[in-house]
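For reference, the chains in residue letters:
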Amino acid sequence: MKKVNGAVAVFVETPTLTPTKPLIAAVIGVEAALELYELSCQATVSIIQAASEELTSGGLPGFDIYWAPAEPKAQAAQYWQGFPIANQGSGEQPDRIFNIYDALLKEHPFVIMIYADTPHITSSLFVKIGALFSQPSKAKDFIIGPVDYGGYYLFAGKKEVPLHVWKSVSYTDADAINKLAGTLNQTASVAWIEMHPSLEGIKDVERIKLLINQAGNLTPEQMKLRVFLNRALKIKKPESP
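Parameters and conventions
- Each chain has its residues counted from 1, following the order in which its sequence is written.
- Local features in this predicted model are restricted to residues of pLDDT 70 or higher, and side-chain atom pairs are both shown and tallied only at a pLDDT of 80 or more, whereas totals for entire chains, interfaces and linings draw on every residue.
- For the side-chain quantities, the full set of heavy atoms in the structure was used; hydrogens and water were omitted.
- We count a stretch as a helix when DSSP gives it H or I for four or more residues in a row; a strand needs E for two or more, and each element gets its number in order from the N terminus.
- Throughout this description, buried means an accessible area under 20% of the type-specific maximum (1.4 Å probe, protein chains only), exposed means over 50%, and partly exposed covers the range between.
- Two strands make a pair as long as DSSP finds a minimum of two bridges between them.
- Here, a salt bridge means any side-chain nitrogen of Lys or Arg that lies within 4 Å of a carboxyl oxygen of Asp or Glu.
- What counts as an axis is a line fitted to C-alpha atoms, over the stretch in contact for a helix, and the angles between N-to-C directions run from 0 to 180 degrees.
- Under this scheme an angle from 65 to 115 degrees is roughly perpendicular, one under 35 degrees roughly parallel, and one over 145 degrees roughly antiparallel; angles in between are oblique.
- A clockwise turn of the near helix away from the far one marks a right-handed crossing, whereas an anticlockwise turn of less than a right angle marks a left-handed crossing.
- Contacts were defined at the residue level, with two residues in contact if any of their heavy atoms lie within 4.5 Å.
- Charged means Asp, Glu, Lys or Arg here, nonpolar means Ala, Val, Leu, Ile, Met, Phe, Trp, Tyr, Cys or Pro, and polar covers whatever is left, Gly included.
- Each helix should span, by expectation, one fewer than its residue count multiplied by 1.5 Å.
- Contacts described as polar in this section are N or O atom pairs within 3.5 Å, which, within protein, must combine one atom able to donate a hydrogen with one able to accept it, while residues neighboring in sequence count only if both atoms come from side chains.
- Our arc is simply the arc of the directions from the helix axis toward the C-beta atoms.

K.L.:
Explain unusual backbone geometry residue by residue, including any values.
P.N.:
A positive phi angle is found at Lys 21, which is not glycine, with a value near 40°. Here Lys 21 is to be found in the loop between strand 1 (6-12) and helix 1 (22-28). Residue Lys 21 is classed as buried on the basis of its relative accessible area of 15%. Despite not being glycine, Asn 217 has its phi angle at roughly 55°, a positive value. Its place among the elements puts Asn 217 in the loop between helix 8 (202-214) and helix 9 (220-232).

K.L.:
Explain the pairing of strand 4 (residues 142-146) to me, using residue names and the numbers behind them.
P.N.:
Burial analysis of strand 4 places five of its five residues in the buried class, which makes it a mostly covered element. Of the two faces of strand 4, the one lined by Phe 142, Ile 144 and Pro 146 and the one lined by Ile 143 and Gly 145 are each fully buried. Relative to strand 5 (residues 152-157), strand 4 runs antiparallel, the two being bridged by five bridges. Following the sheet pairing, Gly 145 is matched in strand 5 by Leu 154.

K.L.:
Give a description of the pattern of salt bridges that names residues and reports values.
P.N.:
Going through the model one piece at a time under the given rule, you end up with six salt bridges. Measuring nitrogen to oxygen at the nearest pair gives 3.1 Å for the salt bridge that ties Lys 21 to Asp 117. With Lys 21 in the loop between strand 1 and helix 1 and Asp 117 in the loop between strand 3 (111-115) and helix 5 (123-133), this residue pair connects regions lying 96 residues apart in the sequence. Considered together, Lys 21 and Asp 117 belong to a single accessibility category, that of buried residues.

K.L.:
Outline the packing of helix 8 against helix 9, listing residues and values.
P.N.:
For the pair helix 8 and helix 9, interaxial distance at closest approach is 10 Å and the crossing angle is 130°. When the axis of helix 8 is compared with that of helix 9, the two are oblique. Helix-helix and strand crossings are classified by hand; for helix 8 and helix 9 the assignment is left-handed. Contacts between helix 8 and helix 9 involve Val 205, Ile 208, Lys 209, Ile 212 and Asn 213 from the first element and Gln 222, Leu 225, Arg 226, Leu 229 and Asn 230 from the second. Class assignment for the residues of the contact of helix 8 with helix 9 results in five nonpolar, three polar and two charged.

K.L.:
Give me the lowdown on helix 4 (residues 93-105), citing residues and values where you can.
P.N.:
When the terminal C-alpha atoms of helix 4 are compared, their 18 Å separation across 13 residues agrees well with the 18 Å that a helix rising 1.5 Å per residue should span. Within the span of helix 4, buried status applies to Pro 94, Asp 95, Ile 97, Phe 98, Ile 100, Tyr 101, Asp 102, Leu 104 and Leu 105.

K.L.:
Report on the packing of helix 2 (residues 30-57) against helix 5, specifying residues and quantitative values.
P.N.:
Contact geometry of helix 2 with helix 5 gives a least axis separation of 8 Å together with a crossing angle of 50°. By the angle class used here, helix 2 and helix 5 are oblique. The interaxial crossing formed by helix 2 with helix 5 has right-handed handedness. Contacts between helix 2 and helix 5 involve Ile 47, Ile 48, Ala 50, Ala 51, Glu 54 and Leu 55 from the first element and Ser 123, Phe 126, Val 127, Gly 130 and Ala 131 from the second.

K.L.:
Requested: an account of the side chain of His 196, with residues and values cited.
P.N.:
If you trace the backbone, His 196 turns up in the loop between strand 6 (190-192) and helix 8. Using a relative accessible area of 14% as the deciding quantity, one classes His 196 as buried. A distance of 3.0 Å separates the side chain of His 196 from the side chain of His 120, its partner in a polar contact. Not counting residues within four places of it along the chain, the set of residues in contact with His 196 comprises Thr 118, His 120, Ile 121, Pro 146, Val 147, Asp 148 and Tyr 153.

K.L.:
Can you explain helix 9? Please cite residues and give values.
P.N.:
The end-to-end C-alpha separation of helix 9 is 18 Å, in line with the 18 Å expected for 13 residues at 1.5 Å each. Three or more residues of helix 9 are buried, namely Gln 222, Leu 225, Phe 228, Leu 229 and Ala 232. Considered in projection along helix 9, the buried side chains sweep an arc of 115° and stay on one side of the axis. The outward face of helix 9, more than 90 degrees from its buried face, is lined by the exposed residues Pro 220, Lys 224 and Val 227. Where helix 9 is buried, its residues meet helix 1, helix 2 and helix 8.

None of this, on its own, says anything about what the molecule does.
Encoded structure:
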């Protein structure tokens, strides 16, 4: 029997095992980039938790959160605490996405996959998705939140996606998410939500700083991130002697 709550898999990279945001670190320094990523992870989880609490207070199912580290579970487990770990397994990116989505969909009515790189979005987005999926007759089969370089920051679904579909697109293609949506649309329904920047380079950090300064209804963890962004972007990495 499936669980009542939807699953949210937060895709992360383990700083002790993988260099943290190297493009950003080259500008603001390694320590600052690490702090930024840790705050981003905390903010992302806080958004999901806030949305889950709002949903359950309204009588709707909430969310069960899972860490989905890029590294092997045995190595990453010590770093990622507080929530169960969903194992990406081995293989290329499509294989890893399939492993997470397929395993969680077997246990939950729907799955949301999100990267910890859009910490500025508000809990209302997750509330909307959770509410939609709690009304199967009204919800689309899949919901996609695109980023401007061709990928996605959020993918949510209530139907199975075969491995060959995940493998049908090149994830280095700037049009990858549109091609994936086109394939899904052949047998299912797809809804799009707003595009957002993702923490990749320093320009993305600057955009997210602007957006989080403009946003309302922030969680305490998002407020900490906002303080950090306003401070960190004033600091330049010291030049090498």
